[in-house]
Amino acid sequence: MKTRPQLTMNSRTEQRIALISVHGDPAIEIGKEEAGGQNVYVRHVGEALAQQGWQVDMFTRKVSPEQNTIVQHSDNCRTIRLEAGAVEFVPRDELFAHLPEFVDHFLEFQKENRIIYPLVHTNYWLSSWVGMQLKEIQGSKQVHTYHSLGAVKYNTVKTIPLIASTRLAVEKQVLETAERIIATSPQEKEHMRSLVSSKGNIDIIPCGTDIKQFGKVNRQEARTHLGIDLETKLVLYVGRFDPRKGIETLVRAVGESKFRESGKLQLIIGGGSRPGHSDGIERERIETIVADLGMSHFTTFPGRITQEELPYYYAAADVCVVPSHYEPFGLVAIEAMASGTPVIASDVGGLQFTVVPEETGLLAPPQDVAAFTAAIDSILSNPEWRAQLGKAGRKRIETQFSWDGVACQLSNLYTQLLQPIVQQPILQLSS
Ligand code: UDP
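These remarks concern the structure in this document. (Residues numbered from 1 in each chain as written. Predicted model: local features only at pLDDT ≥ 70, side-chain atom pairs only at ≥ 80, totals over all residues. Heavy atoms only, no water.)

### A word on helix 14 (residues 383-400)
Here is step 1 of the chain: Compared with the 26 Å implied by 1.5 Å per residue over 18 residues, the 26 Å span of helix 14 between its first and last C-alpha is a close match.
Here is step 2 of the chain: Residues Trp-385, Arg-386, Leu-389, Gly-390, Gly-393, Arg-396 and Ile-397 constitute the buried set of helix 14. Looking straight down helix 14, one finds that the buried residues subtend no more than 135° of arc, so they occupy a single side. In this structure, helix 14 carries Glu-384, Gln-388, Lys-391, Lys-395 and Thr-399 as exposed residues pointing more than 90 degrees from its buried face.
Here is step 3 of the chain: For helix 14, the elements touching its buried residues are helix 7 (219-226), helix 10 (310-316), helix 11 (331-338), helix 12 (351-354), strand 14 (361-364) and helix 13 (369-380). (Helix = DSSP H or I, 4+ residues; strand = E, 2+ residues; numbered from the N terminus. Expected span 1.5 Å × (residues − 1). Buried < 20%, exposed > 50% of the residue type's maximum accessible area, 1.4 Å probe, protein only. Arc of directions from axis to C-beta. Contact = heavy atoms within 4.5 Å.)

Shown next, in the form of structure tokens:
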């Protein structure tokens, strides 16, 4: 690592904050391999905070020479891409070694632009390490959102990566040293306390969603737009192709549905790249299972669905299924509910917080094919109940999970942390 520049705080930087998301580029297309909830969270939080008056710079890693170094989202909000290692895609488990270079380029950027960030909000454990360096070097305050906890994740995967022990140590250190940790659900906070450390300051501020975008069309308009008739029983999955997402459970559950032989069942598995482009082993594996179960004629893989098109898919669906083995929050669930569609989700993590069973959808044990089949069939069998669940879901999201509301809570927290410490006069007690 190069010698670090010595910087001092000055007053013109007070409203400036850095969101750091080393591997989750907020300006990239969402839904591709390794681009999911974190990218959406950082971009929306950044844009909403800028609207509330903050100067927001979002730092990420440059992965291709064709990418612009700076992407301006609005007057006060931009993405800045720094180099760290070769300018190409590197899987997140291999990024740790490149972080010192990321820190160096961050410091150079500050120096060249005569900026210093008094507060950094870091995302995922890799960025938390960057934030801890900045705290040490220049005293930046640190707010951190995990997005995923190694201690939980490693319980749900078969092969533990080499980086695991480093990740666990970094996650513990940031919990104990950051000014504030954001848990996106009470379940995530509980995991931090029981699996990581009893020390550190945790606030619960959920993830949000765009309640104008999701909910902009009704079921009928959405089906006309997508060319799906009103009689079809439509089951939807949206998300990345990753074994942790449990798509296999959904496919097998739909394969057992009592509506299978009706000729009216349709399964849409959205996400990943366009048809014809491979995006990894998981996509191919799922396509093989669909073919082996004889489900190809009623299953479609539209590839990545843009955020503009997604509201149509959610609104058209009878039910949206989130079958993850584990999910720290799960944006897809709140997007579907905002669109008035009931959610059937695994009874894990943040999904236990967002989905209220029997009120906005149903929860089933993860990987339990029979339970998912029963849940799907019960909602598909009862259109009136489906409509009721959908309506209650929309209400829940409007009142608790809008991006503006989330950004407002974060803004209050930053303001509180950036407040200068007022020296209390020492009272002289006369005897
Ligand atoms: N997404 C998308 N198009 C797709 C698939 C996913 O825009 O084809 C978005 C989706 O709307 C959601 C995000 O990717 O905002 C996935 O976030 P989630 O928290 O559900 O899962 P993660 O990817 O973080 O595991």
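### Notes on the packing of aromatic side chains
Here is step 1 of the chain: According to the stated counting rule, one finds 12 aromatic pairs in the structure shown.
Here is step 2 of the chain: On the numbers, 5.5 Å between centres and 85° between planes, the contact of Phe-59 with Tyr-117 is edge-to-face. Separated by 58 residues along the polypeptide, Phe-59 in strand 2 (residues 55-61) and Tyr-117 in the loop between helix 2 (99-112) and strand 5 (119-123) bring together distant segments of the chain. For the residue pair Phe-59 and Tyr-117, the accessibility class agrees, reading buried in each case.
Here is step 3 of the chain: Ring-pair connections join several aromatic residues into one group, and the members of that group are Phe-59, Phe-106, Phe-109 and Tyr-117.
Here is step 4 of the chain: Taking NZ or CZ as reference, Arg-92 lies 5.4 Å from the ring centre of Tyr-124, over its face. (Phe/Tyr/Trp six-rings, centres within 6.5 Å; stacked < 30°, edge-to-face > 60°. Lys NZ or Arg CZ within 6 Å of the ring centre and 35° of its normal.)

### What to know about the nonpolar core
Here is step 1 of the chain: In this structure, Ile-20 and Phe-59 are the most contacted members of the largest nonpolar core, which totals 101 residues.
Here is step 2 of the chain: In contact with Ile-20, other than residues within four places in its own chain, are Phe-59, Phe-102, Phe-106, Val-120, His-121, Thr-122, Asn-123, Ser-127, Val-130 and Leu-134. (Core = buried A, V, L, I, M, F, W, Y, C linked by side-chain atoms within 4.5 Å.)

### A short note on helix 15 (residues 403-418)
Here is step 1 of the chain: Relative to the 22 Å expected for 16 residues at 1.5 Å per residue, helix 15 spans 22 Å between its end C-alpha atoms, a close match to the ideal helical length.
Here is step 2 of the chain: Among the residues making up helix 15, those that are buried are Trp-403, Val-406, Ala-407, Leu-410, Ser-411, Leu-413, Tyr-414 and Leu-417. The buried side chains of helix 15 occupy one side of the element, clustering within an arc of 165° when seen end-on.

### Some thoughts on unusual backbone geometry
Here is step 1 of the chain: Phi at Arg-114 takes a positive value of approximately 50°, unusual for a residue other than glycine.
Here is step 2 of the chain: Note on placement: Arg-114 falls in the loop between helix 2 and strand 5.
Here is step 3 of the chain: Phi at Tyr-124 is positive, roughly 80°, even though this residue is not glycine.
Here is step 4 of the chain: The exposure class assigned to Tyr-124 is buried, which follows from its relative accessible area of 2%.

### Digging into the site of the ligand
Here is step 1 of the chain: If you check the shell around the ligand, you find 21 residues, and the closest are Gly-37, Arg-240, Lys-245, Gln-307 and Glu-335.
Here is step 2 of the chain: Within the side chain of Gln-307, an N or O atom sits 2.7 Å from an oxygen atom of the ligand.
Here is step 3 of the chain: Note that an oxygen atom of the ligand is positioned 2.9 Å from one of the backbone N or O atoms of Leu-331.
Here is step 4 of the chain: Burial of the ligand by the surrounding chains reaches 94%, relative to a free accessible area of 540 Å². (Near = heavy atom within 4 Å. Polar contact = N/O pair within 3.5 Å; in protein donor to acceptor, adjacent residues only side chain to side chain. Areas by Shrake-Rupley, 256 points an atom, 1.4 Å probe, with all protein chains shown as cover.)

### Remarks on the sheet that holds strand 10 (residues 265-270)
Here is step 1 of the chain: Taken in spatial order, the 6 strands of this open sheet run 11-10-9-12-13-14, and their pairing is parallel. Looking at strand neighbours, the two that pair on one side only are strand 11 (299-303) and strand 14, the edges of this open sheet. Pairs of neighbouring strands in the sheet enclose a mean axial angle of 20°, with direction left out of account.
Here is step 2 of the chain: The sheet contact formed by strand 13 (residues 343-346) and strand 14 spans 4 bridges and is parallel. Residue pairing in the sheet places Val-343 in a bridge with Gly-361 of strand 14. (Pairing = 2+ DSSP bridges. Axes fitted to C-alpha atoms, helices over the stretch in contact; angles between N-to-C directions.)

Treat this as a map of the structure, not an account of what it does.
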